[in-house]
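Structural description and commentary
Each chain, letter by letter, is given below.
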Amino acid sequence: MEIGLRLVRGQRAAGFTLVELMVSLSVVAIVAAIAYPSYQEQMRKGRRAAAQAFLVEVAAREQQYLLDARTYAVGAGAVTSLNLTVPNEVAPYYTVTVEPAAATSPPTYRLIATPVDAQTADGVLTLDQDGAKTRAGQPGW
């Protein structure tokens, strides 16, 4: 009694050869090696956009706070004073602080988002009371 595949003369056995599997695995590896850095870059840009949106939201709240208190909320508790919390998509990647830009009258502030870990390639994001934005020391975001 024979065990296994029995071939009719002229037919090939169904399946893949080891060479075919290795070639397809190599193609998948090359595509992944090209795509993964692009994916990481897009994720970093998305996190940066979330941080920028949060800074704009804090700036809007600062303007409202100025109307009520005749000064800006600055210092360690400034974000809390504005009834805001740093969003979950921003907190692991940026440290957001509010500091006085200068001790002048009228009062001033500067919002600073300092990148952490994988986000450090972005550089520090800033926004001041006049709407001036910088990223890594360069004007604009």
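Going by the structure above, here's the rest.
First, a word on scope: everything that follows refers to the structure included in this document.

Brief notes about the nonpolar core
- Counting residues in hydrophobic clusters, the biggest one holds 21 residues, and the most contacted among them are Phe54, Leu55, Val58, Val90, Val98 and Leu111.
- Looking at this core, the elements with two or more residues in it are helix H1 (18-69), helix H2 (78-81), strand E1 (94-99), strand E2 (110-115) and strand E3 (125-128).

Overview of H1
- Look at H1: 74 Å from first C-alpha to last across 52 residues, which is about the 76 Å you get at 1.5 Å a residue.
- By the burial criterion, the buried members of H1 are Arg44, Arg47, Arg48, Ala50, Ala51, Gln52, Phe54, Leu55, Val58, Ala59 and Glu62.
- Tucked into the core, H1 has its buried residues touching H2, E1, E2, E3 and strand E4 (133-135).

Digging into the side chain of Gln119
- Locating Gln119 in the fold gives a position in the loop between E2 and E3.
- Ignoring anything within four residues of it in the chain, the contact list for Gln119 reads Arg44, Arg47, Arg48, Tyr93 and Tyr94.

Here we look at the pairing of E3
- Of the two faces of E3, the one holding Leu125 and Leu127 and the one holding Thr126 and Asp128 are both buried throughout.
- As paired elements, E2 and E3 share four bridges and run antiparallel to each other. If you follow Leu111 over to E3, its bridge partner there is Leu127.
- The pairing of E3 with E4 spans three bridges and is antiparallel. Within E4, the residue paired with Leu125 across the bridge is Arg135.
- Hairpin remark: E3 followed by E4, antiparallel, with four residues in the connecting loop; positive phi at Gly131, about 90°.

Here we look at the side chain of Glu62
- Note on placement: Glu62 falls in helix H1.
- The buried charged residue Glu62 lacks any salt bridge, with Arg61 as its nearest oppositely charged partner at 10 Å.
- Beyond its immediate sequence surroundings of up to four residues, Glu62 is in contact with Tyr72, Ala73, Leu82, Val98 and Tyr109.

What about the packing of aromatic side chains?
- Per the stated rule, a full pass over the model turns up two aromatic pairs.
- Taking 6.3 Å as the distance between ring centres and 35° as the angle between the ring planes, the aromatic pair formed by Tyr36 and Tyr39 counts as tilted. Of this pair, Tyr36 and Tyr39 both sit in helix H1, three residues apart, which is roughly one turn of the helix.
- By relative accessible area, which is 46% here, Tyr39 ends up partly exposed.

Observations concerning the environment of Arg48
- Mapped onto the elements, Arg48 comes out in helix H1.
- The class for Arg48 is buried, based on a relative accessible area of 11%.
- Along the backbone, Arg48 and Leu125 are 77 residues apart, and their C-alpha atoms lie at a distance of 8.8 Å.
- When residues no more than four places from it in sequence are discounted, the contact partners of Arg48 are Tyr94, Gln119, Asp122, Leu125 and Arg135.

Looking at the pairing of E2
- Pairing geometry for E1 and E2, over six bridges, is antiparallel. Looking at E2, one finds that Tyr94 is bridged to Pro115.

Calculation criteria
Residues numbered from 1 in each chain as written. Predicted model: local features only at pLDDT ≥ 70, side-chain atom pairs only at ≥ 80, totals over all residues. Heavy atoms only, no water. Core = buried A, V, L, I, M, F, W, Y, C linked by side-chain atoms within 4.5 Å. Buried < 20%, exposed > 50% of the residue type's maximum accessible area, 1.4 Å probe, protein only. Helix = DSSP H or I, 4+ residues; strand = E, 2+ residues; numbered from the N terminus. Expected span 1.5 Å × (residues − 1). Contact = heavy atoms within 4.5 Å. Pairing = 2+ DSSP bridges. Lys, Arg positive; Asp, Glu negative; His and termini not counted. Salt bridge = Lys/Arg side-chain N within 4 Å of Asp/Glu carboxyl O. Phe/Tyr/Trp six-rings, centres within 6.5 Å; stacked < 30°, edge-to-face > 60°.

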